[in-house]
Amino acid sequence: VLKLSPVLTDSDLASIAVTHSQAHLVAIAERATLSETVTEVLVERGDAQVLGAASDVPSAQVLRALLQADVTGIAVACRAAGASQAGFSAVLVLR
C-alpha cells in the first residue's frame, strides 16, 4: 500500500515516515516518485536500506535532499543497502 497507493499525499507519507518502522520507510522509499519533503524525513530517520532505496528514485528532489545529508554516510548507506551504482553515482556527481 505505501509503495503503490496513488491516494496517499506527501503529507500522509511524511507523517507515516516520522512515526513508523524502518520497514515502512523502505516501502515509502521504493515509490516511483518522492517529494523533497518526504525524502528529507527518509534521510533523517532512515537506515542504510532506506537510503539505498531512496537513492534509486530518479528525481532531482530526491537527489537534492540526499545531497544535503552527509555524503560519506550516504556512500556507506547506499553500498550497504545495495543501491544501484547509477543512483549512488548521481548523488556523488551532483555533490
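Refer to the structure printed above.
A brief structural summary. (Residues numbered from 1 in each chain as written. Predicted model: local features only at pLDDT ≥ 70, side-chain atom pairs only at ≥ 80, totals over all residues. Heavy atoms only, no water.)

Attention now moves to the overall build of the protein. In terms of helices and strands, the protein carries 7 helices and 0 strands. Listed by position from the N terminus, the elements making up the protein come as α-α-α-α-α-α-α. Classification of the 95 residues of the protein by burial places 45% in the buried group. Considering only contacts within the protein whose residues lie at least 6 apart along the sequence, 59% involve residues at least 24 apart. Carbon together with sulfur atoms contributes 57% to the accessible area of the protein, which is approximately 5000 Å² in total. (Helix = DSSP H or I, 4+ residues; strand = E, 2+ residues; numbered from the N terminus. Buried < 20%, exposed > 50% of the residue type's maximum accessible area, 1.4 Å probe, protein only. Contact = heavy atoms within 4.5 Å. Areas by Shrake-Rupley, 256 points an atom, 1.4 Å probe, with all protein chains shown as cover.)

With that out of the way, let us pick up the packing of helix 2 (residues 22-29) against helix 3 (residues 36-45). Angle between the axes and distance between the axes: these two values describe a pair of packed helices. Where helix 2 meets helix 3, the closest approach of the two axes is 11 Å, and the angle between their N-to-C directions is 140°. As for how helix 2 packs across helix 3, the hand of that crossing is left-handed. Two secondary-structure elements touch here, helix 2 through Gln22, Leu25, Ile28 and Ala29 and helix 3 through Val38, Leu42 and Arg45. (Axes fitted to C-alpha atoms, helices over the stretch in contact; angles between N-to-C directions. Left-handed = near helix turned anticlockwise from the far one by under 90°.)

Overall, the coordinates contain 1 salt bridge when judged by the stated rule. With its nearest N and O atoms 3.9 Å apart, the salt bridge here joins Lys3 to Glu30. Placement of the pair is Lys3 in the segment before helix 1 (10-19) and Glu30 in the loop between helix 2 and helix 3, with a sequence separation of 27 residues. Under the relative-accessibility criterion, Lys3 is labelled partly exposed at 39%. (Salt bridge = Lys/Arg side-chain N within 4 Å of Asp/Glu carboxyl O.)

So, on to the nonpolar core. Counting 18 residues, the largest nonpolar core has Ala17, Ile28, Ala29, Leu34, Val38, Leu42 and Val50 as the members making the most contacts within it. Residue assignment for this core shows that the elements contributing at least two residues are helix 1, helix 2, helix 3 and helix 4 (48-55). Setting aside chain neighbours within four positions, we find Leu42 in contact with Ala17, Leu25, Ile28, Ala29, Leu34, Val50 and Leu51. (Core = buried A, V, L, I, M, F, W, Y, C linked by side-chain atoms within 4.5 Å.)

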